[in-house]
Amino acid sequence: MFYGRNEALMTDLYELTMANGYFQTGNAERKAVFDVFYRNNPDNASYSVFAGLEDVLCFLSGLSFSKDDIDYLRCLGIFSEPFLSYLSDYRFRGDVYAFKEGSIVYPEEPLVTIVAPLLDAQIVETAILSLINHESLIATKANRIVLAAKGRAVSDFGARRSHGFDAAVFGAKASYIGGVQSTATVLAGKMFGIPVSGTMAHSFVMAFDNEYDAFLTYSKIYPDNVVLLIDTYDVLGSGIQNAIRLAKEYLHPNGLKLKGVRIDSGDLAYLSKKCREALNYNGLEETKIIASNSLDEYKIRSLIDQGAKIDAFGVGENLITSKSNPVFGAVYKLAAIEKDGKLVNKVKLSNAVEKITTPCFKEVYRVFSGGKAIADLLSIKGEVVGDKDPYPVVYPLKPWKPIAFSHVEYRKMHEKVMEDGKILVPTPSIQERRDYLRHQIDNELWEEEQRFEYPHVHYLDFTKALYEEKLRLVKENSNG
């Protein structure tokens, strides 16, 4: 990681002040249940893509405070020495339940549930949210861009426009889970085994006396990967003509191929059509046309609708920053806490109804009919689900409407991935996470949920027991 840093202090100060308070009042060891969830899908979509779990588990399993960390905290002058001594020997002792990374997920359901001593659960909040918010956001955006491309290759070109080193590298990782085929970020390729791609920039072409000499030089150095940037001067007037000339005069006589040309500016639809005509006329039907230049899912969709002859897309700033919707918005809320040896359910109230939390240690089920997911269902952990058919549930936005599931399959979405701070399950490869997302989209997700405008809303239902417990706590706590 950058600066060789220890990341234990990747936390907000109030988490440590609260932890110190728990420690000094004898509450540090009380078991607590916290949920990570988000309230709205980015870009008004129907679903999001869950990413970041691997990094959360890695962070938690290796969490410790160095001597330098303790010395820094001491110099702040706000923490007790016994608390600092406790932190010097600290390790995370909690359990973690979560969706599989690469899962399609929906608002208001717990993506991750932390069950840990209160002190442990509190101090990891910011780190967990930072990782999940960033990687889920970028994986979700990547997935939208890949869907818009309709089978055409998409590469991540975003590192130089990212918000720093970590955003570039882990954004590339999340993008690959979301479906892009490669990244231009070499460090991400090394760290995560992502295919890397890239050839030249305009500066390479400009460094030579003329465009053709630049193309010829590049081809001699990289004969097996001749992809030429043709918009440094004039796409149609010189770029495509010099690329064709190179193919005829040098590549073909030497048994080589012009693999592709890239256009990075101008009217991409028009230019790609004219380039395709010129390439085909000269027997270069196999040469691919690649486009870049501030693309996103809407521009890509528009280009395809216009009949653009583009075979692959390089997407930069709009992917790596999720520029159209740069905040995922996951939050970390207490759902239950131990008292006298039993978990007591907790609810946070708000004048904004959408910010009232859902209490209890919960489980998430996905409900399938005919192989397609028709709803998600929240239950109290340990509650028997689907023991009768039809099985009555509550849709919390319309609690008065009778709803029951019949002849459906219930799939439990959470798995226990960490116990007492130790990772329980093998980490799926990045390819497995990517393939898992693709399987869900191809086989389980309704096409109507994939629309960019006015997508079908996926229902999140409650068991009756959970809904009634939430109502009870809301009434009980409504007067403070």
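Coordinates for the structure precede this section.
What you see is a predicted model, and the numbers here were worked out from it, not measured in a lab.

Draft legend 1. Layout of the packing of helix H2 (residues 53-61) against helix H6 (residues 125-149). Running from N to C, H2 and H6 point in directions that differ by 160°, and their axes come no closer than 9 Å. Judged by the inter-axis angle, H2 sits roughly antiparallel to H6. Viewed along their axes, H2 and H6 form a crossing whose handedness is right-handed. The residues of H6 that touch H2, namely those facing Asp55, Val56, Phe59 and Leu60, are Ala127, Ile128, Leu131, Ile132 and Glu135. Grouping the amino acids of the contact of H2 with H6 by side-chain chemistry returns 7 nonpolar, no polar and 2 charged.

Draft legend 2. A look at the nonpolar core. With 128 residues, the main nonpolar core has Ile114, Ile230, Leu258 and Phe313 as its most contacted residues. A total of 13 residues in this core trace back to one element, the largest contributor, which is H6. Those residues in contact with phenylalanine 313 that lie beyond four places of it in its chain are Ala149, Arg152, Ala153, Val154, Ser155, Ala291, Leu295, Ile300, Leu303 and Ile304. Within the second largest apolar cluster, 8 residues are counted, among which are Tyr365, Val367, Tyr391 and Phe405.

Draft legend 3. Highlighting the pairing of strand S10 (residues 288-291). In the sheet, strand S9 (residues 260-263) pairs with S10 via 4 bridges, with the strands oriented parallel. Bridging across to S10, arginine 262 finds its partner in isoleucine 290. This β-α-β element, S9 to helix H12 (residues 268-281) to S10, shows right-handed connectivity. Here S10 pairs with strand S11 (residues 312-315) via 2 bridges, running parallel. Looking across to S11, one finds that alanine 291 is bridged to phenylalanine 313. Crossover handedness for the path S10 to helix H13 (residues 297-305) to S11: right-handed.

Draft legend 4. Layout of the pairing of strand S12 (residues 331-339). As paired elements, strand S1 (residues 31-37) and S12 share 6 bridges and run antiparallel to each other. Residue pairing in the sheet places aspartate 35 in a bridge with lysine 333 of S12. Inspection of the sheet shows S12 paired to strand S13 (residues 342-345) by 4 bridges, in the antiparallel sense. Looking across to S13, one finds that isoleucine 337 is bridged to valine 344. Counting the residues in the hairpin turn of S12 and S13 gives 2 residues, including aspartate 340, whose phi is positive at 55°.

Draft legend 5. Structural detail: the pattern of salt bridges. One pass over the structure, following the stated rule, counts 34 salt bridges. Note that aspartate 35 and lysine 362 form a salt bridge whose closest N and O atoms lie 2.5 Å from each other. You can see aspartate 35 sitting in strand S1 and its partner lysine 362 sitting in strand S14 (residues 362-369), a full 327 residues away along the chain. For the pair shown, aspartate 35 and lysine 362 are each scored as buried. With its nearest N and O atoms 2.9 Å apart, the salt bridge here joins glutamate 469 to arginine 472.

Draft legend 6. Molecular detail of helix H11 (residues 235-251). If you check H11, its first and last C-alpha atoms are just 20 Å apart, much less than what 17 residues at 1.5 Å a residue would give, namely 24 Å. For H11, the complete set of buried residues consists of Val235, Ser238, Gly239, Ile240, Asn242, Ala243, Ile244, Leu246, Ala247, Tyr250 and Leu251. Looking at the buried residues of H11, the elements they touch are helix H10 (211-221), strand S8 (227-229), S9 and H12. Capping the start of H11, aspartate 234 holds a side-chain oxygen 3.3 Å from the backbone nitrogen of leucine 236, two or three residues further along.

Draft legend 7. Expanded view of the side chain of asparagine 20. Turning to its location among the elements, asparagine 20 is positioned in helix H1 (residues 13-24). The buried category is assigned to asparagine 20, whose relative accessible area is 6%. When near neighbours in sequence (up to four residues on either side) are disregarded, asparagine 20 contacts Ile78, Phe79, Ser80 and Phe83.

Definitions and limits used
- Residues numbered from 1 in each chain as written.
- Predicted model: local features only at pLDDT ≥ 70, side-chain atom pairs only at ≥ 80, totals over all residues.
- Heavy atoms only, no water.
- Axes fitted to C-alpha atoms, helices over the stretch in contact; angles between N-to-C directions.
- Helix = DSSP H or I, 4+ residues; strand = E, 2+ residues; numbered from the N terminus.
- Parallel < 35°, antiparallel > 145°, perpendicular 65-115°, else oblique.
- Left-handed = near helix turned anticlockwise from the far one by under 90°.
- Contact = heavy atoms within 4.5 Å.
- Nonpolar A, V, L, I, M, F, W, Y, C, P; charged D, E, K, R; others polar.
- Core = buried A, V, L, I, M, F, W, Y, C linked by side-chain atoms within 4.5 Å.
- Buried < 20%, exposed > 50% of the residue type's maximum accessible area, 1.4 Å probe, protein only.
- Pairing = 2+ DSSP bridges.
- Right-handed = clockwise from strand over helix to strand, strands pointing away.
- Salt bridge = Lys/Arg side-chain N within 4 Å of Asp/Glu carboxyl O.
- Expected span 1.5 Å × (residues − 1).
- Polar contact = N/O pair within 3.5 Å; in protein donor to acceptor, adjacent residues only side chain to side chain.

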